[in-house]
Amino acid sequence: MKKILVTGGAGYIGSHTVVELVEAGYEPIIVDNFSNSEESALEGIAAIVGRNVTCHRVDCTDSKALREVFEKEQDIVGVIHFAANKAVGESVENPLKYYHNNVGSLVALLQVMEEFKVNKLVFSSSCTVYGVPESLPVTEETPVQKANSPYGNTKKICEEILTDVAASGSTLKSIALRYFNPIGAHPSAKIGELPLGVPSNLVPFITQTAIGMREQLTIFGNDYDTPDGTNIRDYVHVVDLAKAHVVAVERLLEEKGESLEFFNIGTGNGTTVLEAVKAFESATGVKLNYKIGPRRAGDVPKIYADVAKATEALGFKTTSTLEEAMKSAWDWQVSLKESTAKV
Ligand code: UFG
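Residues numbered from 1 in each chain as written. Predicted model: local features only at pLDDT ≥ 70, side-chain atom pairs only at ≥ 80, totals over all residues. Heavy atoms only, no water.

A.B. asks: Mind laying out the packing of aromatic side chains, listing which residues take part and the relevant values?
C.D. replies: For the structure shown, the criterion picks out three aromatic pairs. Taking the centre distance of 5.5 Å and the plane angle of 35 degrees together, the rings of Phe70 and Phe116 count as tilted. Taken as a pair, Phe70 in helix α3 (residues 63-73) and Phe116 in the loop between α5 (95-115) and β5 (120-126) lie far apart in primary sequence, 46 residues in all. In this structure, Arg295 is placed above the aromatic ring of Tyr224, and the distance from its NZ or CZ to the ring centre is 3.8 Å. The ring of Phe263 carries the charged tip of Lys309 above its face, separated from the ring centre by 5.0 Å. (Phe/Tyr/Trp six-rings, centres within 6.5 Å; stacked < 30°, edge-to-face > 60°. Helix = DSSP H or I, 4+ residues; strand = E, 2+ residues; numbered from the N terminus. Lys NZ or Arg CZ within 6 Å of the ring centre and 35° of its normal.)

A.B. asks: Describe the site of the ligand, and please don't skip the residues or the numbers.
C.D. replies: With respect to spatial proximity, 18 residues lie near the ligand, and among them Leu202, Thr218, Asn231, Arg233 and Asp299 are the closest. Here an oxygen atom of the ligand sits 2.8 Å away from a polar atom, N or O, in the main chain of Leu202. Take Thr218: an N or O atom from its main chain is 2.8 Å from a nitrogen atom of the ligand. Within the complex, 90% of the 680 Å² of free accessible area of the ligand lies under protein. Per-element accounting of the shell around the ligand gives the leading share, four residues, to strand β8 (residues 217-220). Its residues assigned to classes, the shell around the ligand shows eight nonpolar, seven polar and three charged. (Near = heavy atom within 4 Å. Polar contact = N/O pair within 3.5 Å; in protein donor to acceptor, adjacent residues only side chain to side chain. Areas by Shrake-Rupley, 256 points an atom, 1.4 Å probe, with all protein chains shown as cover. Nonpolar A, V, L, I, M, F, W, Y, C, P; charged D, E, K, R; others polar.)

A.B. asks: How would you explain unusual backbone geometry if you had to name every residue and give the values?
C.D. replies: With omega at -5 degrees, the peptide bond leading from Leu136 into Pro137 counts as cis. Mapped onto the secondary structure, Pro137 falls in the loop between β5 and α6 (150-167). A positive phi angle, near 55 degrees, is found at Phe34, a position not held by glycine. Its place among the elements puts Phe34 in the loop between β2 (27-32) and α2 (40-49). Phe34 sits in the buried class, given a relative accessible area of 12%. (Buried < 20%, exposed > 50% of the residue type's maximum accessible area, 1.4 Å probe, protein only.)

A.B. asks: Can you break down the pairing of β2 residue by residue, with the values?
C.D. replies: In terms of residue burial, β2 counts as a mostly covered element, since six of its six residues are buried. Judged by which residues are buried, β2 turns out to be covered on both faces: Glu27, Ile29 and Val31 on one side and Pro28, Ile30 and Asp32 on the other are all buried. Considered for its hand, the β-α-β crossover made up of strand β1 (residues 3-7), helix α1 (residues 12-23) and β2 is right-handed. Pairing between β2 and strand β3 (residues 55-57): three bridges, direction parallel. The residue of β3 that forms the bridge with Val31 is His56. In terms of handedness, the path from β2 via α2 over to β3 forms a crossover that is right-handed. (Right-handed = clockwise from strand over helix to strand, strands pointing away. Pairing = 2+ DSSP bridges.)

A.B. asks: Could you give an account of the pattern of salt bridges, naming the residues involved and the relevant values?
C.D. replies: Considering all chains together, one arrives at 18 salt bridges under this definition. Between Glu255 and Lys120 there is a salt bridge, with the nearest N and O atoms lying 3.0 Å from each other. Of this pair, Glu255 sits in the loop between α8 (238-253) and β11 (260-265) while Lys120 sits in strand β5; the two residues are 135 residues apart in sequence, bridging distant segments of the chain. Given the relative accessible area of 7%, Lys120 is considered buried. For the salt bridge of Asp223 with Arg295, the shortest nitrogen-to-oxygen distance reads 2.9 Å. A residue pair is termed long-range when its members are at least 10 positions apart, and Asp223 in the loop between β8 and β9 (232-233) and Arg295 in the loop between β13 (290-293) and α10 (308-314) qualify at 72 residues. (Salt bridge = Lys/Arg side-chain N within 4 Å of Asp/Glu carboxyl O.)

A.B. asks: Go over the nonpolar core with me, naming the residues and quoting the values.
C.D. replies: Grouped together as the largest cluster of nonpolar side chains are 34 residues, with contacts concentrated most on Ile45, Leu177 and Ile265. At eight residues, α8 tops the list of elements feeding residues into this core. Discounting chain neighbours no more than four positions away, the residues touching Ile45 are Gly9, Ser15, Val18, Val19, Ile30, Val53 and Ile191. If you look at the next biggest cluster of nonpolar residues, it comprises 28 residues, including Leu5, Ala65, Val118 and Leu172. (Core = buried A, V, L, I, M, F, W, Y, C linked by side-chain atoms within 4.5 Å. Contact = heavy atoms within 4.5 Å.)

Spelled out as structure tokens, the structure:
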């Protein structure tokens, strides 16, 4: 079985991708420092796939430790690099943490990959690189703009690093997937998102409110230029997103495409915050306590993806509806409560 190193493989998108890799016949090797993930994710993965997946507790900025993993595992054929910090607000308060972890880990990883002649990489990028886009939907040709947070800037810088490496004549072949808004959880409810503290993302805040952990959801503004005044996003089921990584790996291993390619990964549908709330309520039958509050600083008014390039080149297609994604997020939230209740 082909070994794929998955950094951040115990995290939210990483754990779902590990499951899809196993199901597609790969041997994922997880590298994670558990700074923003839990060992319980490994148990969840094992419960879904029916066996343990190898995991090395390593910080990806630590080249020496990474080197040991590559030495031990020997025949790694490709890497999916998820390991990164992702809280926009925290990145404004602590930019150096973000530059060190997000940029430092990519540089360390690329150096070690080069030493071990591993030259296939899938990188986690974000639609944040498009800033406030001038036209919608955004294609991969839509201009990348100045980032409006240090977090966003790390994604932009990492894409630039990959561009420079590609231009250097390196043998590296990489694919940067620009994620829109990942939501939901595995249908088994054995893995899902585990936000640290108060969630800043919409869907975990919705599920935590619905289950009684938070009193009320505040919708950040209803005076935007959108049909109901609330922000528009492209919410993509995390399992569909995970599958995009498997097809990206396949493309790299088949030596198809350019030395560096960018793909939008979303559904192609724009959804307002109010529509997302309604989808949650209709999918679960649970009424949500929410109010309209002021705008949140830094929010992009509207963004959604054109996914034609990913469909064409990767055969990427989403299969889950927004309601299914919301239902899976809810089932996961309920299962978390049940597992805490048992302790
Ligand atoms: N929202 C609320 N109330 C909340 C939380 C969110 O109304 O309590 C709204 C936001 O204003 C936004 C939408 O829900 O309109 C989605 O917000 P998220 O925080 O879930 O996601 P963002 O689109 O702000 O951020 C996501 C990723 C970032 C990435 C960014 C790029 O989480 O990592 O997209 O646009 F940088």
